[in-house]
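Below are the chains, spelled out letter by letter.
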Amino acid sequence: MSRVQQQNRQAWDDRARRGAWYTETATERHFKNPLAVIDQCGWLGGDVTGQRVLCLAAGGGKQSALYAAAGAMVTVVDISPEMLRLDRQVAIERRLRIQTVEASMDDLSALEPASFEIVVQPVSTCYVPDVEAVYRQVARVTTPGGLYISQHKQPVSLQADVVPSSRGYGLNEPYHRSGPLPPVAAGTPHRESETLEFLHRWENLLGGLCRSGFVIEDVAEPRHANPKAEPGTFGHRSCFVPPYIKIKARRKHDTPTESLGRRIWTP
Ligand SMILES: C[S@@+](CC[C@H](N)C(=O)[O-])C[C@H]1O[C@@H](n2cnc3c(N)ncnc32)[C@H](O)[C@@H]1O
């Protein structure tokens, strides 16, 4: 396991143990209409019954449980054993069938090729240095014509200060960069201070998907802006800096896995 993987696994294990942000399991309210919670964009066609769904880097007992409750056959992959423990806990409590796999999103060799009609990935590609390596792995395990719905931190959100100065949220990190971002102080929901996070440029986030055998069908920018929120809060910063992008992509029928990632243009 790489240094990055080790640190991020440790960080998410700790977060799960202390119930930090983004480790909340699904609640009674969510189970009343699971599909409405997991498909706010209406991209899943209104029914996931019997579909093989991979919840990628989605441990924590929320996504996996809601997809399973909506009738899908769910596998959840995560690098953190503690996050996966929450998935198993909810599965037992709710009598749901959920398969858990401990693996890094950029090495899905434990999974069979073309074994999922749907892959869903919450915000998590910021924890790996190479987002295109993840896309190639997802392309391998997605059926031709299958859906890949992923959410990512927008690059500008990883460049901008988390706390405003008198001139607003300054852009302090270069766009073209390598290596993990410098750490931030704890207590902001925009960054997970104990983790190593990486900025991915648009040419990698969007172009990388196309080069990996997917066609982008739709894009959304989930709204978190709250003009009435206090400066420095998630809602206030989101008025100026969009935090996330959500992408609906479909696996092409005609791209053999061995040709994935071949670049046609080099910057
Ligand atoms: C924001 S959380 C997403 C899960 C959250 N419970 C949800 O439903 O949105 C990010 C997840 O990515 C996982 N993660 C971090 N690095 C990973 C890696 N290299 N491979 C797989 N999962 C990883 C973390 O353990 C964590 O569970």
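Bear in mind that the values here come from a model prediction, so they are computed numbers and not experimental data.

(A) Main features of the site of the ligand. Lining the immediate surroundings of the ligand are 18 residues, of which Tyr22, Gly59, Asp78, Ser104 and Met105 lie closest. In this structure, Gly59 approaches the ligand through a main-chain N or O atom, which is 2.9 Å from a nitrogen atom. Interatomic distance of 2.9 Å between a backbone N/O atom of Met105 and a nitrogen atom of the ligand. Across the complex, the protein chains shield 94% of the 590 Å² of accessible surface that the ligand would expose by itself. Its atoms largely coinciding with the cavity grid, the ligand occupies the largest pocket. Partitioned by chemical class, the residues of the shell around the ligand number 12 nonpolar, five polar and one charged.

(B) Spotlight on the side chain of Arg201. You can see Arg201 is positioned in the loop between helix H7 (155–159) and helix H8 (202–205). Note on Arg201: relative accessible area 19%, which makes it buried. Within the structure, the side chain of Arg201 is placed 2.8 Å from the side chain of Glu203, a separation counted as a polar contact. In this structure, Arg201 is in contact with Pro155, Tyr175 and His176, ignoring residues within four places of it in sequence.

(C) Broad picture of the layout of surface pockets. The computed volume of the largest pocket comes to approximately 1,300 Å³. In terms of lining, the largest pocket is formed by 48 residues, of which the most central are Tyr22, Gln63, Pro122, Val123 and Gln151. If you list the elements that add at least two residues to the lining of the largest pocket, you get helix H1 (3–18), helix H3 (34–38), helix H4 (63–69), strand S2 (73–78), strand S4 (116–121), strand S5 (142–153) and strand S7 (244–251). Here the lining of the largest pocket is composed, by residue class, of 27 nonpolar, 14 polar and seven charged.

(D) Local environment of the sheet that holds strand S6 (residues 214–220). Spatial strand order, S3-S2-S1-S4-S5-S7-S6: seven strands in an open sheet with mixed pairing. Pairing within the sheet leaves two strands with one partner each, and these edge strands are strand S3 (98–102) and S6. On average, adjacent strands in this sheet sit at an angle of 20° to one another, irrespective of strand direction. Bridge count for S6 against S7 is six bridges, and the pairing is antiparallel. The partner of Val215 across the bridge, within S7, is Arg250. Along the sheet, helix H6 (residues 131–141) makes contact with strand S1 (52–56), S4, S5, S6 and S7, crossing S5 at roughly 150°.

(E) Broad picture of the nonpolar core. Residues Leu44, Cys55, Tyr67 and Ile98 are the most contacted members of the largest nonpolar core, which totals 28 residues. At the level of secondary structure, the elements contributing two or more residues to this core comprise H3, S1, H4, S2, helix H5 (81–94), S4 and S5. Sort the elements by how many residues they give to this core and H4 lands first, with four residues. Residue contacts for Ile98: discarding those within four places in its chain leaves Ser64, Ala65, Ala68, Val74, Val76, Asp87 and Ala91.

(F) The pattern of salt bridges, seen in detail. Summed over all chains, the structure comprises 15 salt bridges. The residue Arg15 makes a salt bridge to Glu194 at a minimum N-O spacing of 3.5 Å. With Arg15 in helix H1 and Glu194 in the loop between H7 and H8, this pair connects stretches of sequence that are 179 residues apart. Put simply, Glu132 and Arg211 hold a salt bridge, and the shortest N to O gap is 2.8 Å. Here Arg211 lies in helix H9 (residues 207–211) and Glu132 lies in helix H6, a separation of 79 residues in the sequence. Looking at Arg211, the relative accessible area reads 16%, which means it is buried. Several salt bridges converge on common partners, so that one network encompasses Arg15, Arg18 and Glu194.

(G) Focus on the packing of aromatic side chains. Under the defined criterion, the tally for this structure stands at five aromatic pairs. Judged by centre distance (5.8 Å) and plane angle (75°), the ring pair of Trp12 and Tyr127 falls under edge-to-face. Placement of the pair is Trp12 in helix H1 and Tyr127 in the loop between S4 and H6, with a sequence separation of 115 residues. Of the aromatic side chains, those joined through ring pairs into one cluster are Tyr135, Tyr148 and Phe214. Residue placement shows Arg15 over the ring face of Trp12; its charged tip is 4.8 Å from the ring centre.

Here is what the cut-offs are and how they apply
- Residues numbered from 1 in each chain as written.
- Predicted model: local features only at pLDDT ≥ 70, side-chain atom pairs only at ≥ 80, totals over all residues.
- Heavy atoms only, no water.
- Near = heavy atom within 4 Å.
- Polar contact = N/O pair within 3.5 Å; in protein donor to acceptor, adjacent residues only side chain to side chain.
- Areas by Shrake-Rupley, 256 points an atom, 1.4 Å probe, with all protein chains shown as cover.
- 1 Å grid on protein atoms, 1.4 Å probe; cavity = no way out; pocket = protein on both sides within 12 Å on 5 of 7 lines; lining within 4 Å.
- Sits in = over half its atoms within 2 Å of the grid points.
- Nonpolar A, V, L, I, M, F, W, Y, C, P; charged D, E, K, R; others polar.
- Helix = DSSP H or I, 4+ residues; strand = E, 2+ residues; numbered from the N terminus.
- Buried < 20%, exposed > 50% of the residue type's maximum accessible area, 1.4 Å probe, protein only.
- Contact = heavy atoms within 4.5 Å.
- Points joined across faces, edges and corners; volume = space filled by probe spheres on them.
- Pairing = 2+ DSSP bridges.
- Axes fitted to C-alpha atoms, helices over the stretch in contact; angles between N-to-C directions.
- Core = buried A, V, L, I, M, F, W, Y, C linked by side-chain atoms within 4.5 Å.
- Salt bridge = Lys/Arg side-chain N within 4 Å of Asp/Glu carboxyl O.
- Phe/Tyr/Trp six-rings, centres within 6.5 Å; stacked < 30°, edge-to-face > 60°.
- Lys NZ or Arg CZ within 6 Å of the ring centre and 35° of its normal.

Don't take any of this as a statement about function, it's just geometry.
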